[in-house]
Amino acid sequence: MPDNQSLVELIASCKKGDLRQQELLYKQFYGYALGICIRYLSNRDDALEAANDSFIKVFKSINSFNEENDFKPWFRKVLVNTSLDYKRKSMRFSEAIELTDTIPQSTHTSAIDKLSAQDILALMKNLNEMQRTVFNLYEIDGYAHKEIASMLNIPESSSRTYLTRAKQALQQLLITHSIYTK
Amino acid sequence: MSDEELAHQIKSVFEDYDDGLGEQGWSELRKKYPEKESKKLPIWWLTGIAATLLLAVGLYFSNTFDTDKVILSAGTTPKANALPEKIISDEVKGGTSQTRLDTVKTNTYAMPEKSGNENIEPAKVANTAQKYIAQHNAIGDVNGTQELDVVVSNSEVAQTKPLTVIDKNTPIVAVTKPDDKVTANAIMTKDEQPTEKSVKLKLSTEEFLKEESKALANHANKDSKKNGAPTTTLDVFTGTFFNYHDDNEAKLSAGVGLNANIKVTKNLVFSFGAGISQNKVSYENNVPAEISQAMFASKSDGTNAMNAPVTGLAYSVTATNDVSFNGQLLSIDLPMVVKFFPSKKQDFYISTGINSSSYITQKYTYNYNQSNFGIRNGEAQPKRETEKSNLKGFDFANSAIISVGINQNVGKNILIFEPYYKPALSAMGDKNLRISSAGINLKFNFNGNNKK
């Protein structure tokens, strides 16, 4: 990641429409963008497409960005919204994995620390689309339930329910995972 | 395990999730961005051209319909104030002669029959006067103008010229007296009101001719005044033209603008104005050295990611080929020309002058293939670079203007078709492009009817 000063200069160059500077910005934020998109979308190709669309949106609207603000939170919002746009078509609110009643069990922190990106993605694939999305929005990207409800056009209470079920599912999956990785 | 720990782990793992395929990702993005520009003419160009054409066509037809109305009224309504087709002396007795004037029946224009009366003949009185009368009575080109012979029963004519037809049934409208004065007694229907024209008929032939001579003289004066003024007129124009340079493909472009014309002498007009035009130039593989050098110079700065060494490699060797170049300049043009009208009618002109330009936007696009021998075994990667600038630069006299204008009257105004050629005199824009152009301007001149 570029330091703040060089990022400001880079963004200023991108505002002039300099394609070479846009490429530089792309390559410096490629990993950041892909990391966010891949959490929401089920495969890398979709994530790359969403990330690229987000970059295009940024290049087109970068003149509206104030360099005094932090670029990453602004870009994160673009990435999340674009990813959600991709997901909306496939989302089914009725979809929900009927979880068996589970009792939260403790998992060693060391097991979590060892989770790689692939492990986490594999775990998340076991969640349904809505649970995964709500978990990402609330736990990782810091949105409130009210915002999530508005973004996904669901009641706030449903957002809470999806989050609870996502956590329960992940707990269960992590236990299974830790058993297999022991 | 707490949820916070899991969330923290996920955040840290995905904060910079780089799969090392950023280059490929960028190539994918470039398929969509920047969007390829539409080759269609921008809507505002089309709107401008369409508006001008509509205006021109509308005014043309408006003018045509006005003429039709005049012809129609002349052809359908017998006018008491219409000029007599013939003045016929019914009989000549001593010093007194009686004259008949045929009322104009513009819908029939029956030719008079021959009769035995040999004392009277048609005399064509002052052709120019007749024409003027014919025009001002709006008889047009229908029969009335063809046979507008005036028969005057003065004795000199009667003795020397062959007689004309006398129709005794035609109403008497004028009687000549011994002193050759014509007393006009225009026959009118009850509901018809006397007009200026019918009053004229009461004049004697001599007076009538004098009056008409005066009228002609006044008309000529008006014409001369009209030729003298206005000394300044305005043109609005749209232009469609081709830009070309060397052997490259000609590019269609367009422009709009406004000109002021100042009359210097009778045949010489100084014209200047301002317009906005788009100029395009394209080079396919034969990019001039100065342009490609400019591209490589801009690529060689330290921030250029394409030439930056790839991570993990000690060196990066690149080769660039298949360079093509497109330039687009949206410019404010400031033409200054001198127009020479060789003919008295001033229905066409030859003009020459210079054009200067300032640039609203400049956009230059390079497309090329770059082979990086440090990665991918030198496989060629298509690259595209765009440079833009706004409101930058002024080039004085960057092209000459040679044109011919053909004037077409449209009502009181003039529609001008102006084919032109603008050879480049110097370079244009940041990349020093020498762009020549040839095309046609469609101009609409307000209050500039100089035609005689």
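The structure presented is a predicted model; accordingly, all values stated were derived computationally and were not measured.

Further remarks concern the overall build of chain A. Helices and strands together make up the secondary structure of chain A, namely nine helices and zero strands. N-terminal to C-terminal, the α/β element order of chain A is α-α-α-α-α-α-α-α-α. In the form shown here, chain A has an accessible surface area of approximately 8,800 Å², with 49% of it arising from carbon and sulfur atoms.

This part takes up the overall build of chain B. Counting its secondary structure elements, chain B contains nine helices and 13 strands. Per-residue burial over chain B gives 40% buried out of 452 residues. Relative to all contacts within chain B whose residues are 6 or more apart in sequence, the contacts with residues 24 or more apart total 70%.

Time to look at the interface of chain A and chain B. Contact with chain A, which involves 49 residues of that partner, is made by 40 residues of chain B. The contact between chain A and chain B buries some 3,900 Å² in all, and 61% of this surface belongs to carbon and sulfur atoms. The largest per-residue losses of area from chain A upon contact with chain B belong to A:Leu19, A:Arg20 and A:Glu23, which jointly make up 19% of the total buried on that side. Joining chain A to chain B, the criterion identifies five salt bridges. In this structure, B:Lys32 engages A:Glu49 in a salt bridge whose closest nitrogen and oxygen atoms are separated by 4.0 Å. At the boundary of chain A and chain B, one finds 14 residue pairs in polar contact (both at pLDDT 80 or more). At the level of elements, α2 (19-40), α3 (44-61), α4 (71-88), α5 (109-113), α6 (117-124), α7 (129-140) and α9 (156-181) of chain A are the ones that each hand at least two residues to the side of chain A that touches chain B.

Right, let's talk about the pairing of strand β11 (residues 394-410) of chain B for a bit. All names here are of chain B. Bridging between β11 and strand β12 (residues 413-422) involves seven bridges; their strand directions are antiparallel. Counterpart to serine 403 in the pairing with β12 is tyrosine 420. Two successive antiparallel strands, β11 and β12, enclose a turn made up of two residues, where glycine 411 displays a positive phi of approximately 60°.

Moving on to α3(A). For α3(A), with 18 residues, the first-to-last C-alpha span of 25 Å sits near the 26 Å given by 1.5 Å per residue. On its buried side, α3(A) packs onto α2 and α4 of chain A together with α2 (22-30) of chain B. Put simply, A:Asn43 is the residue that caps the front of α3(A), since its side-chain oxygen is 3.1 Å from the backbone nitrogen of A:Asp45.

Turning to the confidence of the model for chain B, a few remarks are in order. Residues and elements named next belong to chain B. For chain B, per-residue confidence averages 66 on the pLDDT scale, and 48% of positions sit at 70 or higher. Low pLDDT, under 50, characterises residues 68-126; the predicted model gives this stretch 157 contacts beyond four residues in sequence or across chains. Ignoring residues within four places in sequence, the model shows residues 136-168, a span with pLDDT below 50, making 90 contacts including any to other chains.

Residue B:Pro34 follows B:Tyr33 across a cis peptide bond; omega there is -10°. Here B:Pro34 lies in the loop between α2 and α3 (43-76). A positive phi angle is found at A:Asn153, which is not glycine, with a value near 55°. Mapped onto the elements of the fold, A:Asn153 is located in the loop between α8 (145-152) and α9. Assessed through its relative accessible area of 66%, A:Asn153 is described here as exposed.

Residues and elements named next belong to chain B. Within the element layout of this structure, asparagine 279 appears in strand β7 (residues 268-284). On the accessibility criterion, asparagine 279 (7% relative accessible area) is buried. Within the structure, asparagine 279 has its side chain in polar contact with the side chain of serine 277 (distance 3.5 Å). At 3.4 Å, the side chain of asparagine 279 and the side chain of serine 331 are in polar contact. Those residues in contact with asparagine 279, other than ones at most four positions away along the chain, are Phe241, Asn243, Ser253, Gly327, Gln328, Leu329, Ser331, Met428 and Ile435.

A separate point is the packing of α7(A) against α8(A). Residue and element names in this part refer to chain A. Remark: α7 packs on α8, axes separated minimally by 10 Å, with the N-to-C direction vectors making an angle of 135°. Relative to α8, the element α7 is oriented oblique. The way α7 lies across α8 gives a crossing that is right-handed. Mapping the contact onto sequence places Met130, Thr133, Val134, Leu137 and Tyr138 in α7 and His145, Ile148, Met151 and Leu152 in α8. Across the contact of α7 with α8, the residue classes tally to seven nonpolar, two polar and no charged.

So, on to the packing of aromatic side chains. Residue and element names in this part refer to chain A. Taken as a whole, this structure holds 21 aromatic pairs over all chains when the rule is applied. Look at phenylalanine 29 and tyrosine 32: their rings are 6.3 Å apart centre to centre, the planes differ by 80°, and that puts the pair in the edge-to-face class. One end of the pair is phenylalanine 29 and the other is tyrosine 32, both in helix α2 and three residues apart, which spans about a single turn. Seen in terms of ring centroids, phenylalanine 29 and phenylalanine 71 are 5.0 Å apart; in terms of plane orientation they differ by 70°. Their pairing is edge-to-face. Of the two residues, phenylalanine 29 is situated in helix α2 and phenylalanine 71 in helix α4; the sequence distance between them amounts to 42 residues. A relative accessible area of 1% places phenylalanine 29 in the buried class. Among the residues examined, phenylalanine 71 registers a relative accessible area of 2% and is labelled buried.

So, on to the environment of B:Tyr17. With respect to the helices, strands and loops of the structure, B:Tyr17 is situated in the loop between α1 (3-14) and α2. The class of B:Tyr17 is buried, set by a relative accessible area of 14%. In this structure, B:Tyr17 is in contact with A:Gly31, A:Tyr32, A:Leu34, A:Gly35, A:Ile38, A:Ala117, A:Gln118 and A:Leu121, ignoring residues within four places of it in sequence. Looking at B:Tyr17, its side chain comes within polar contact range of the side chain of A:Gln118, at 3.3 Å.

Now for the nonpolar core. By size, the foremost hydrophobic cluster in this structure holds 66 residues, and its most contacted members are A:Leu25, A:Phe71, A:Phe75, A:Phe135, A:Leu137 and B:Phe14. The biggest single contributor to this core is α2(A), with 12 residues. Split by domain, this core shows at least three residues from each of two domains, domain 1 (4-88) and domain 2 (109-181) of chain A. With sequence-adjacent residues up to four places away left out, B:Phe14 is seen in contact with A:Gly31, A:Gly35, A:Ile36, A:Ile38, A:Arg39, A:Ala117, A:Ile120 and A:Leu121. Formed by 12 residues, the second largest nonpolar core is a distinct cluster that contains B:Val323, B:Tyr359, B:Tyr368 and B:Ile435.

So, how was this worked out
Residues numbered from 1 in each chain as written. Chains lettered and ligands numbered in written order. Predicted model: local features only at pLDDT ≥ 70, side-chain atom pairs only at ≥ 80, totals over all residues. Heavy atoms only, no water. Helix = DSSP H or I, 4+ residues; strand = E, 2+ residues; numbered from the N terminus. Areas by Shrake-Rupley, 256 points an atom, 1.4 Å probe, with all protein chains shown as cover. Buried < 20%, exposed > 50% of the residue type's maximum accessible area, 1.4 Å probe, protein only. Contact = heavy atoms within 4.5 Å. Buried area = accessible area lost by both parts, 1.4 Å probe. Salt bridge = Lys/Arg side-chain N within 4 Å of Asp/Glu carboxyl O. Polar contact = N/O pair within 3.5 Å; in protein donor to acceptor, adjacent residues only side chain to side chain. Pairing = 2+ DSSP bridges. Expected span 1.5 Å × (residues − 1). pLDDT = per-residue confidence, 0-100. Axes fitted to C-alpha atoms, helices over the stretch in contact; angles between N-to-C directions. Parallel < 35°, antiparallel > 145°, perpendicular 65-115°, else oblique. Left-handed = near helix turned anticlockwise from the far one by under 90°. Nonpolar A, V, L, I, M, F, W, Y, C, P; charged D, E, K, R; others polar. Phe/Tyr/Trp six-rings, centres within 6.5 Å; stacked < 30°, edge-to-face > 60°. Core = buried A, V, L, I, M, F, W, Y, C linked by side-chain atoms within 4.5 Å. Domains from an automatic or database assignment.

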